[in-house]
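Each chain, letter by letter, is given below.
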Amino acid sequence: MSPRAALARIRLNPHSRAVQRDLRNATDMHRTLMRLVPDGLGGSPRQAAGLLYRLDVTDTFSTLLVQAATLDPKRLPDDYGHADVKDLAPVFNALEKGLAVRYRIVVNPVKTERLPLENKGRRGKRIALTGPDADQWWTRRAHEAGLQLTTALPTPVAAVHGSRDGATVRHHLVRYDGTATVTDPDALAEAVLVGIGRAKSYGAGLLSLARAAA
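Residues numbered from 1 in each chain as written. Predicted model: local features only at pLDDT ≥ 70, side-chain atom pairs only at ≥ 80, totals over all residues. Heavy atoms only, no water.

Concerning the overall build of the protein chain
Rules: We count a stretch as a helix when DSSP gives it H or I for four or more residues in a row; a strand needs E for two or more, and each element gets its number in order from the N terminus. Atoms counted for the radius of gyration: C-alpha only. Globule rule: 2.2 Å times residue count to the power 0.38. When accessible area is computed with a 1.4 Å probe and restricted to protein chains, residues below 20% of their type maximum are described as buried, those above 50% as exposed, and intermediate ones as partly exposed. Throughout, a contact is declared for two residues whenever any of their heavy atoms are within 4.5 Å. Computed by Shrake-Rupley with a 1.4 Å probe, the accessible areas treat only the displayed protein chains as cover when residues are assessed. Working convention for charge: Lys and Arg count positive, Asp and Glu count negative, and His plus the chain ends are omitted. Where a charge sits is defined by one atom per residue type, namely NZ (Lys), CZ (Arg), CG (Asp) or CD (Glu).
Across its full length, the protein chain holds 6 helices and 11 strands. Here the C-alpha radius of gyration of the protein chain, 18 Å, is about what a compact globule of 214 residues would show, namely 17 Å. The principal-axis extents of the C-alpha atoms in the protein chain amount to approximately 50 × 50 × 40 Å. For the protein chain, the proportion of its 214 residues judged to be buried stands at 43%. Across the protein chain, every contact between residues at least 6 apart in sequence was considered, and the portion connecting residues at least 24 apart equals 72%. For the protein chain, the exposed area adds up to about 12,200 Å²; of that, 50% sits on carbon and sulfur atoms. Where the 31 positive side-chain charges of the protein chain centre and where its 21 negative ones centre are 3 Å apart.

Thoughts on the pattern of salt bridges
Definition in use: Throughout this description, the term salt bridge denotes a Lys or Arg side-chain nitrogen within 4 Å of a carboxyl oxygen of Asp or Glu.
All chains considered together, the criterion is met by 8 salt bridges. Close ionic contact of D56 with R54 constitutes a salt bridge, the shortest N to O distance being 2.9 Å. Overall, the relative accessible area of 12% leaves D56 in the buried class. The closest approach of N and O atoms between R175 and D177, which form a salt bridge, is 2.7 Å. Counted as one network, the salt bridges with shared partners bring together R54, D56, R104, R175 and D177.

A short note on the sheet that holds strand 1 (residues 6-12)
How we decide: Should DSSP find at least two bridges between two strands, the strands are regarded as paired. The axes are straight lines fitted to the C-alpha atoms, using for helices just the contacting stretch, and the angles between their N-to-C directions are given from 0 to 180°.
Pairing within the open sheet is antiparallel, and its 4 strands lie in the order 2-3-1-4. The two strands at the open ends of the sheet, each matched to only one other strand, are strand 2 (52-57) and strand 4 (81-87). Across the sheet, the mean angle separating the axes of adjacent strands is 20° when strand polarity is ignored. By the bridge criterion, 6 bridges tie strand 1 to strand 3 (residues 62-68) in an arrangement that is antiparallel. Note that in strand 3 the partner of A6 across the bridge is A68.

Pasting the structure below:
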């Protein structure tokens, strides 16, 4: 039985006040997108819904990709944008070992600071990774997710800002585009479903796949 997920592709209306607000603050964006999933999902509703999203920006328009087990785009603000929804079952059904794919993902590559032994039991702060360190992070995480990378083109993405407990939070993001070979279809399906890395509530972690051209 294939995993269950749907993907909405929302072409944002740049004149919408709700869109303008959400593009300024990722916490507001997350709040808006949580309207697309069922209510009453418990204490961790994003995880329960499987909600992931990514903002793809070009010179002419912005597209928001939103993934979850079920989505109801009718619950978006009226002028938010045009949404198309598709079932991801064909993507999961096509996954097989040795399959060549194209991918895109925005990630939040970080490492946790190592503390001296006298601070045992305490967690160090998270440090953003850039350049070759970020590339190595993505290569390692892709391998764990069942992908052997062939190419990986990094593109810096504007940091996202939000708020948590009254404080401003900032997340460093990098987009990777490239090609890869599937080495573990089950691990890859799981990575598509749950996302990769941190900052999933802030637009990171959604992995898009397509069959590579022969």
